[in-house]
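Each chain is listed here by its residues.
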Amino acid sequence: MTQRRQNVTESFSYQSFSVGVSNHIAHVQFKRPDALNTMNKAFWLELPRCMHDIEANSDARVIVISSTGKHFSAGMDLGVFTDSKAVPMAGDPGRMAENLRRVVLQLQDTLSSLEKVRLPVLAAVHGGCIGGALDLVCAADSRYCTADAYFTIKETELGMTADVGTLQRLPKLIPEGVVRELAYTGRKFGAEEAHRLGFVNAVYDNHETMLEGVMEIAARIAANSPLAVTGCKEMINYSRDHSVEDSLKYMATWQAGMFRPNDMMKTFQAKGQKQPPEYDDLFPVKDLFSQ
């Protein structure tokens, strides 16, 4: 086994999240319940750093995202767009538009960090998952929720078009006609409907049983070869955005470069000994030229 890397909680702290790593599972919890876990400026800066920190400084093989308080998240903190430094509201219209476009692209990149991280990301949702929070969970690999959970494309009711991922990802997850209705109306859809549509994998009675269930799923993922799991995520994401033929060719290239028999041999040996297999961790993801 490779040497165990440090728990991210030992070296990193965040205003928006608490992070702990145990048994190869990183648990990221939103920790601003009094503010309904709104996505403030710190959130948008910290989320991609959090994903990178987990990859670079822990032995996690799967990430679980959950929340605290009444709601999973009430979505975008309006202070993000009322900051005149980030989004100037005066000056040349063309330059203001160019600046706003870059701001939106940066916000999109924050949520895309859930897709770009090589580890599976499981979102455990309770209460309201509103506006930008729905954009976030759409970028997760799998979603789970409590019976009282609900989701809404809130931006439409506020007079704007959702712009950081829901309209691009949700049609890949549930029928397009349903997405159009949800987007045009801004209505809430609850746990039962989300499950029926396949948006969430399972519905749990309460927050405690949900976390227990999701952690069990995360443990099963973490017990598998991390190289095999990251390959699955890479292929599924690629196939979503490319043709079947292109995806098959990429799969063949990936397999030619990444597949080695080591993990399979460990699996067979462990089965023969009736023991769980132990796999080497992936190498940490480091910044270019960092030690």
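Before reading on, note that the structure itself is shown above.
Counting restarts for each chain, with residues numbered from 1 along the sequence as it is written. Residue-level local features of this predicted model are given only where pLDDT is at least 70; pairs of side-chain atoms are given and counted only at 80 or more, and the full residue set underlies all totals for whole chains, interfaces and linings. Hydrogens and water molecules were not included; the side-chain quantities draw on all heavy atoms of the structure.

Caption draft 1: Focus on the overall build of the protein. Only DSSP runs of H or I reaching four residues or more are called helices, and only runs of E reaching two or more are called strands; each is numbered from the N terminus. Per the secondary structure count, the protein includes 11 helices and nine strands. C-alpha extents for the protein along the principal axes are approximately 65 × 45 × 45 Å. With 291 residues in all, the protein has 46% of them scored as buried. Contact between two residues is taken to exist if any of their heavy atoms lie within 4.5 Å; hydrogens are not considered. At a minimum sequence separation of 6, the contacts of the protein that also span at least 24 residues come to 70%. For the protein, the exposed surface amounts to about 15,300 Å²; the carbon and sulfur share of it is 56%. Of note, the protein has its 31 positive side-chain charges centred 2 Å away from the centre of its 35 negative side-chain charges. Buried, partly exposed and exposed residues are distinguished by accessible area as a fraction of the type maximum, computed with a 1.4 Å probe on protein chains only: under 20%, between the cut-offs, and over 50%, respectively. Reported accessibility uses the Shrake-Rupley method at a 1.4 Å probe radius. Residues are deemed covered only where the shown protein chains occlude them. Positive charges are assigned to Lys and Arg, negative charges to Asp and Glu, while His and the chain termini are left out of the count. For the purpose of locating charges, the reference atoms are NZ of Lys, CZ of Arg, CG of Asp and CD of Glu.

Caption draft 2: Representation of the side chain of Arg169 within the structure. Here Arg169 is to be found in helix H5 (residues 166–169). Here the side chain of Arg169 touches Glu115 through a polar contact of 2.8 Å, side chain to side chain. Here Arg169 is in contact with Ser112, Glu115, Cys138, Ala139 and Val164, once residues within four sequence places are set aside. Contacts described as polar in this section are N or O atom pairs within 3.5 Å, which, within protein, must combine one atom able to donate a hydrogen with one able to accept it, while residues neighboring in sequence count only if both atoms come from side chains.

Caption draft 3: Just the environment of Cys129, in detail. Note on placement: Cys129 falls in strand E5 (residues 128–130). Here the alpha-carbon distance between Cys129 and Ser73, two residues 56 residues apart in the chain, equals 5.4 Å.

Caption draft 4: Structural context of the packing of helix H1 (residues 41–57) against helix H3 (residues 93–116). Angles shown run from 0 to 180 degrees and are taken between the N-to-C directions of axes, each axis being a line fitted to C-alpha atoms and, for helices, limited to the stretch in contact. Look at H1 against H3: their axes get within 9 Å of each other, and the N-to-C directions meet at 30 degrees. As H1 packs across H3, the resulting crossing turns out to be left-handed. Touching Phe43, Trp44, Leu47, Pro48 and Met51 of H1 are Leu107, Thr110, Leu111, Ser113 and Leu114, all from H3. Helix crossings fall into two classes, left-handed where the near helix is turned counterclockwise from the far one by less than a right angle and right-handed where it is turned clockwise.

Caption draft 5: Quick look at helix H9 (residues 226–241). Given the number of residues in a helix, its expected span is that number minus one, multiplied by 1.5 Å. With 16 residues, H9 extends 23 Å between its outermost C-alpha atoms, agreeing within 8% with the 22 Å of an ideal straight helix rising 1.5 Å per residue. All of the buried residues in H9 are Pro226, Val229, Thr230, Gly231, Lys233 and Met235. Elements that come into contact with the buried residues of H9 comprise H3, strand E4 (121–125), helix H8 (207–222) and helix H10 (244–258).

Caption draft 6: Spatial organisation of the sheet that holds strand E7 (residues 150–152). Spatially, three strands are ordered E5-E7-E8 in an open sheet, and the strand pairing comes out mixed. Of all strands in the sheet, those with a lone pairing partner are E5 and strand E8 (188–190), marking the two edges. Each adjacent strand pair in this sheet contributes to an overall mean axis angle of 20 degrees, direction not counted. Here three bridges tie E7 to E8, and the two strands are oriented antiparallel to one another. The partner of Phe151 across the bridge, within E8, is Phe189. One bridge is not enough; two strands pair if DSSP finds at least two bridges between them.

Caption draft 7: View of the packing of H9 against H10. Running from N to C, H9 and H10 cross one another at 160 degrees; their axes reach a closest spacing of 10 Å. Classified by the angle their axes make, H9 and H10 are roughly antiparallel. Considering how the two elements wind past one another, H9 and H10 form a crossing that is right-handed. Of H10, the residues touching H9 (which contributes Leu227, Gly231, Glu234, Met235, Tyr238 and Ser239) are Asp246, Ser247, Tyr250, Met251, Trp254 and Met258. Gly is placed with the polar residues, together with every amino acid not listed as nonpolar (Ala, Val, Leu, Ile, Met, Phe, Trp, Tyr, Cys and Pro) or charged (Asp, Glu, Lys and Arg). By residue class, the composition of the contact of H9 with H10 is seven nonpolar, three polar and two charged. The cut-offs work like this: below 35 degrees is roughly parallel, past 145 is roughly antiparallel, 65 to 115 is roughly perpendicular, and the gaps in between are oblique.

Caption draft 8: Spatial organisation of the pattern of salt bridges. We define a salt bridge as a side-chain nitrogen of Lys or Arg found within 4 Å of a carboxyl oxygen belonging to Asp or Glu. Under the counting rule described, the total for this entry stands at 17 salt bridges. For Lys116, the salt bridge identified is with Asp109, shortest N-O distance 4.0 Å. Here Lys154 makes a salt bridge to Glu157, at a shortest N to O gap of 2.8 Å. Relative accessible area serves as the criterion here: at 47%, Glu157 is assigned to the partly exposed category. Put simply, Glu115, Arg169, Arg240 and Asp241 are held in one network by salt bridges that share partners.

Caption draft 9: Here's a closer look at the layout of surface pockets. Definitions used for this entry: grid spacing 1 Å over protein atoms alone; cavity, a set of points where a 1.4 Å probe fits but cannot get out; pocket, an open set with protein on both sides within 12 Å along at least 5 of 7 lines; lining residue, one with an atom within 4 Å of a point. Grid points are joined across faces, edges and corners, and a volume is the space filled by probe spheres set on the points. Taken as a whole, the largest pocket holds about 450 Å³ of empty space. Taken together, 22 residues form the lining of the largest pocket, with Ala140, Asp141, Ser142, Ile236 and Asn237 sitting closest to its centre. Listing elements by their share of the lining of the largest pocket, those giving two or more residues are H3, strand E6 (142–146) and H9. The leading source of residues in the lining of the largest pocket is H9, at six residues. In terms of residue class, the lining of the largest pocket is made up of 12 nonpolar, three polar and seven charged.

By themselves, these figures tell us nothing about what the structure is for.
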